[in-house]
Amino acid sequence: MASVMMMEQELNPWVVAEARFDEAATRLGLDEGLCKVLRTPAREITVHIPVQLDDGRLEVFTGYRVQHSIARGPAKGGIRFTPDLTLDEVRALAAWMTWKCAVVNIPFGGAKGGVICDPALLSDAELERITRRYTAEILPFLGPEVDVAAPDMNTNEQIMAWMMDTYSMHVRHTTTAVVTGKPLDLGGSRGRPEATGRGCMTVTLEALKRLGLKPEQCRVVIQGFGNVGSMSAKLMAREGFKIIAVIEIDGAIYNRNGLDIPALIQHRKTTGSITEFAEAESINPEEAMFLECEVLLPAAKENVITSRNVGRIRTRVLCEGANGPTTPVADEILAGQGVFVIPDILANAGGVTVSYFEWVQDRQGYFWNEQLVNERLEEIMVNSFRDVVSYAEKHGVNNRIAAFMLALDRVAFAIKLRGIYA
Ligand code: NAD
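Cut-offs applied
- Residues numbered from 1 in each chain as written.
- Predicted model: local features only at pLDDT ≥ 70, side-chain atom pairs only at ≥ 80, totals over all residues.
- Heavy atoms only, no water.
- 1 Å grid on protein atoms, 1.4 Å probe; cavity = no way out; pocket = protein on both sides within 12 Å on 5 of 7 lines; lining within 4 Å.
- Points joined across faces, edges and corners; volume = space filled by probe spheres on them.
- Helix = DSSP H or I, 4+ residues; strand = E, 2+ residues; numbered from the N terminus.
- Nonpolar A, V, L, I, M, F, W, Y, C, P; charged D, E, K, R; others polar.
- Near = heavy atom within 4 Å.
- Polar contact = N/O pair within 3.5 Å; in protein donor to acceptor, adjacent residues only side chain to side chain.
- Areas by Shrake-Rupley, 256 points an atom, 1.4 Å probe, with all protein chains shown as cover.
- Pairing = 2+ DSSP bridges.
- Axes fitted to C-alpha atoms, helices over the stretch in contact; angles between N-to-C directions.
- Disulfide = S-S within 2.5 Å.
- Expected span 1.5 Å × (residues − 1).
- Buried < 20%, exposed > 50% of the residue type's maximum accessible area, 1.4 Å probe, protein only.
- Salt bridge = Lys/Arg side-chain N within 4 Å of Asp/Glu carboxyl O.
- Contact = heavy atoms within 4.5 Å.
- Core = buried A, V, L, I, M, F, W, Y, C linked by side-chain atoms within 4.5 Å.
- Parallel < 35°, antiparallel > 145°, perpendicular 65-115°, else oblique.
- Left-handed = near helix turned anticlockwise from the far one by under 90°.

J.: Just checking my understanding: could you explain the layout of surface pockets for this structure?
T.: To find leftover empty space, a probe the size of one water molecule is rolled over the atoms. Its boundaries defined by the atoms lining it, the second largest pocket holds a volume of some 210 Å³. Contributing to the lining of the second largest pocket are 13 residues, with Val339, Val341, Val397, Asn398 and Asn399 lying nearest its centre. When residues of the lining of the second largest pocket are traced back to their parent elements, those giving at least two are helix 11 (328-336), strand 12 (340-342), helix 14 (370-395) and helix 15 (399-418). Here the lining of the second largest pocket is built from residues that sort into seven nonpolar, two polar and four charged.

Following this line, the structure appears as structure tokens:
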């Protein structure tokens, strides 16, 4: 019973976020008042939105928007539509966004939001009505200079287009910069679909330089073959990495000589699964994460590396494409195993970085070509990687704590400069 409760605590997103915050704040010696400011979201909005369903019934859905910090710029963060959404989860994720934007030094604070609903049970028309009413209810707190939304779990380009349109109707002019992750024809940015994977690849290449390894010498295991996993795989394979295993929810595949990633992407598109892919053997998905490799890239979900399985991880580099794949308890053990960890708030920040570029382009009304987007993304990811690693060396801490310390330090510095806590 005690061990079940300990495991529950280890996996709780709020407890995880607090653990990292506390360690970074203590090491930075942040004063108590500033800790209180940084720990508490600036604004939490709960809305109950009446929406008519297709069969004529009226239903009420609950939505949230939490703005954790606006110290460094407008709040920024995704909107998720999930049946088990909680305010606590939204709070933790909003704070996470503040730290992520600060690590890559882009001028945004952090936010998160969503609606408790199950999109699998809703028609497109119902989803559109929920999106528009939710947007209308939180509208006074949105805006390019106030709070900029983005897609997240179960939301997409189309939902962002509806949000943008609803906002624009109310302010009576087209305001593309109020959300990011929009379709290209409505002010989206080139390079956004690949951005998170590209960021993962860039920081992995930087880690290899430090370890004296070349991509051709590296075997990569990837968990999750969605946006982040498949884009990372595609770009890394192009650089010469050998992607030896891909793990999905319905199976895992292995080829010691490296999988043909473009063919695998096509196979998944056609069949809906990675299984039964030619030139690969099927392996046990429960075991695949423990294959010996140089790079392990979890890109599926949170809490996959815990105190229960961390001892079996056999990689040199852990690049966290997913948010929160490693628990704090597992973290300490990984450090003892000599694994070079590229923490999520750095590794997967390529997505929010190109969202920032989208916001910049929308406000300029001038759009960049893909090469420029990719070059600027690479510059930010390389600089951020170097900032984090030199911070870790200077303060004698691991990369994750260094990333949190750097982020907290930047946000705290902005607050002090503004004097808003005096
Ligand atoms: P996605 O839905 O496109 O892909 C996730 C994939 O993981 C799916 O193919 C799913 O089948 C698979 N999966 C789910 N559970 C699994 C399991 N137990 N084992 C193996 N595979 C499993 O999502 P995404 O956008 O690629 O996001 C993945 C992770 O990266 C999430 O944690 C997300 O928060 C994070 N992230 C995404 C972005 C982005 O730009 N998309 C940016 C930052 C962080």
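J.: In this structure, what is going on with the site of the ligand? I would like to understand it.
T.: Taken together, 20 residues sit near the ligand, with Thr196, Asn227, Val228, Glu248 and Asn323 positioned nearest. A distance of 3.4 Å separates an oxygen atom of the ligand from a polar backbone atom of Gly321. One of the side-chain N or O atoms of Asn323 is found 3.0 Å from an oxygen atom in the ligand. Taken by itself the ligand offers 820 Å² of open surface, and the protein chains cover 70% of this. Looking at the shell around the ligand, the elements with two or more residues in it are helix 7 (192-211), helix 8 (227-238) and strand 7 (242-248). A per-class count over the shell around the ligand returns seven nonpolar, eight polar and five charged.

J.: Looking at this structure, I do not really get the sheet that holds strand 4 (residues 110-116). What am I missing?
T.: Sheets are built from strands paired through backbone hydrogen bonds, the pairs being either parallel or antiparallel. Pairing within the open sheet is mixed, and its five strands lie in the order 1-2-4-3-5. This sheet does not close on itself; its edge strands, each paired only once, are strand 1 (43-52) and strand 5 (147-151). Strand-to-strand, the axes of this sheet are offset by a mean angle of 20°, without reference to chain direction. Judged from the 10 bridges that link them, strand 1 and strand 2 (residues 58-69) form a sheet pairing that is antiparallel.

J.: Please clarify how the state of the cysteines should be interpreted in this entry.
T.: The term disulfide refers to a covalent linkage connecting the sulfur atoms of a pair of cysteines. Evaluated as defined, the whole model comprises zero disulfides. Here Cys293 is not disulfide-linked; the sulfur of Cys218 is the nearest cysteine sulfur, at 9.5 Å.

J.: What is the right way to look at the sheet that holds strand 12 in this model?
T.: The strand order across the open sheet formed by seven strands is 9-8-7-6-10-11-12, and the pairing between neighbours is mixed. Strands with a single pairing partner mark the edges of an open sheet, and in this sheet they are strand 9 (281-283) and strand 12. On average, each strand axis in the sheet is tilted by 20° relative to the strand beside it, whichever way the strands run. The pairing of strand 7 with strand 8 (residues 251-254) spans four bridges and is antiparallel. Directly across from Val246, in strand 8, lies its bridge partner Ile253.

J.: Sorry if this is basic, but what is going on with helix 15 here?
T.: Each α-helix winds once per 3.6 residues, and so residues spaced three or four apart point in a common direction. Given a rise of 1.5 Å per residue, 20 residues ought to cover 28 Å, and the 29 Å separating the end C-alpha atoms of helix 15 matches this to within 8%. Counting buried residues in helix 15 gives 15 out of 20 residues, a clear majority hidden from the surface. With a side-chain oxygen lying 3.1 Å from the backbone nitrogen of Arg400, the N-terminal cap of helix 15 falls on Asn398. Two residues or fewer after helix 15 comes Gly419, characterised by a positive phi angle close to 75°.

J.: Quick question: what am I supposed to make of the pattern of salt bridges here?
T.: Pairs can form between side chains of opposite charge whenever their charged atoms are close. Within this structure, the stated rule accounts for 32 salt bridges. One salt bridge in this structure joins Glu287 and Arg312, with 2.5 Å as the shortest N-O distance. Taken together, the residues Glu287 in helix 10 (residues 285-288) and Arg312 in the loop between strand 10 (295-298) and strand 11 (317-319) connect sequence positions 25 residues apart. Overall, the relative accessible area of 37% leaves Glu287 in the partly exposed class. Salt bridges linked by common partners bring Arg20, Glu320, Asp331, Asp344 and Arg400 together as one network.

J.: Mind showing me how you'd approach the environment of Ile253 here?
T.: Positionally, Ile253 belongs in strand 8. A residue is classified by how much of its surface remains accessible, and Ile253, at 1% relative accessible area, is buried. The spatial distance from the C-alpha of Ile253 to the C-alpha of Thr275 is 6.7 Å, given a sequence separation of 22 residues. Leaving out residues up to four positions away in the same chain, Ile253 has contacts with Ile244, Ala245, Val246, Leu259, Leu264, Ile274, Thr275, Phe277, Ala280, Glu281, Ser282 and Ile283.

J.: Could you clarify how one ought to interpret the side chain of Thr62 in this entry?
T.: Its location among the elements puts Thr62 in strand 2. When sequence neighbours within four positions are dropped, the list of residues in contact with Thr62 reads Thr46, Val47, His48, Gly114, Val115 and Ile116.

J.: Quick question: what am I supposed to make of the nonpolar core here?
T.: In globular proteins that are soluble, nonpolar side chains generally tend to be buried together. Residues Leu38, Trp99 and Ile342 are the most contacted members of the largest nonpolar core, which totals 87 residues. Setting aside its immediate chain neighbours within four residues, Ile342 contacts Val203, Thr204, Ala207, Val317, Leu318, Cys319, Glu320, Ala347 and Phe385.

J.: Sorry if this is basic, but what is going on with the pairing of strand 5 here?
T.: Every regular strand shows the same layout, with side chains that alternate between the two sheet faces. Among the five residues of strand 5, four are classified as buried, and the element is accordingly described as predominantly covered. Examined bridge by bridge, strand 3 (residues 75-82) and strand 5 share five bridges and lie parallel to one another. When the sheet's bridge partners are listed, Gly77 is paired in strand 5 with Ala149.

J.: How should the environment of Glu194 be read in this particular structure?
T.: Within the fold, Glu194 resides in helix 7. When the C-alpha positions of Glu194 and Gly350 are compared, they lie 8.8 Å apart, and in sequence the two are 156 residues distant. Other than its neighbours up to four places away in sequence, Glu194 contacts Met231, Lys234, Leu235 and Glu370.

J.: Mind showing me how you'd approach the packing of helix 7 against helix 8 here?
T.: When two helices pack together, you describe them by how their axes are tilted relative to each other and by the distance separating the axes. Interhelical geometry of helix 7 versus helix 8 gives an angle of 55° and a closest axis separation of 8 Å. When the axis of helix 7 is compared with that of helix 8, the two are oblique. Where helix 7 crosses over helix 8, the two elements pack in a sense that is right-handed. Residue-level contacts link Pro193, Glu194, Thr196, Gly197, Arg198, Cys200, Met201 and Thr204 of helix 7 to Asn227, Val228, Met231, Ser232, Lys234, Leu235 and Met236 of helix 8. The class makeup of the residues in the contact of helix 7 with helix 8 is seven nonpolar, five polar and three charged.

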